[in-house]
Amino acid sequence: MVAAEAVKSKQTTYSIDDAMDILLEKLDEAIDDMENGRVQPVDEAWDEIDQI
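Participant: Can you help me understand the confidence of the model for the chain in this one?
Facilitator: Caution is warranted with low-pLDDT regions, since their predicted coordinates should not be read in detail. Residues with a pLDDT of 70 or more make up 79% of the chain, whose mean pLDDT is 85. Mean pLDDT across the elements of the chain bottoms out in helix H1 (residues 2-8) (54) and peaks in helix H2 (residues 16-35) (95).

Below, the structure written as structure tokens:
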């Protein structure tokens, strides 16, 4: 998970290129999940969020 890795680093600032790299990697992961049927219905997602 890229975002978790970024948070763990001691780096306190990120360039726009760093941010774009993270966003594009997340988008690639999401597309891969969709293509392989690894999706969660929106109702289940909201139920999970409500439990937090």
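Participant: How should I be thinking about the pattern of salt bridges in this particular structure?
Facilitator: For side chains bearing opposite charge, pairing can occur when the charged atoms are close. Applying the stated criterion across every chain, the model contains 3 salt bridges. Of the charged contacts, one joins Lys26 and Glu29 as a salt bridge, the two residues approaching to 3.8 Å between their closest N and O atoms. Of this pair, Lys26 and Glu29 both sit in helix H2, 3 residues apart, which is roughly one turn of the helix. Among the residues examined, Lys26 registers a relative accessible area of 25% and is labelled partly exposed. Across the pair Asp32 and Arg38 runs a salt bridge, and its minimum N-O distance is 2.7 Å. In this structure Asp32 comes out as partly exposed when scored by relative accessible area, which is 35%. A cluster of three or more residues bridged by salt bridges with shared partners is formed by Asp32, Asp33 and Arg38.

Thresholds applied
- Residues numbered from 1 in each chain as written.
- Predicted model: local features only at pLDDT ≥ 70, side-chain atom pairs only at ≥ 80, totals over all residues.
- Heavy atoms only, no water.
- pLDDT = per-residue confidence, 0-100.
- Helix = DSSP H or I, 4+ residues; strand = E, 2+ residues; numbered from the N terminus.
- Salt bridge = Lys/Arg side-chain N within 4 Å of Asp/Glu carboxyl O.
- Buried < 20%, exposed > 50% of the residue type's maximum accessible area, 1.4 Å probe, protein only.

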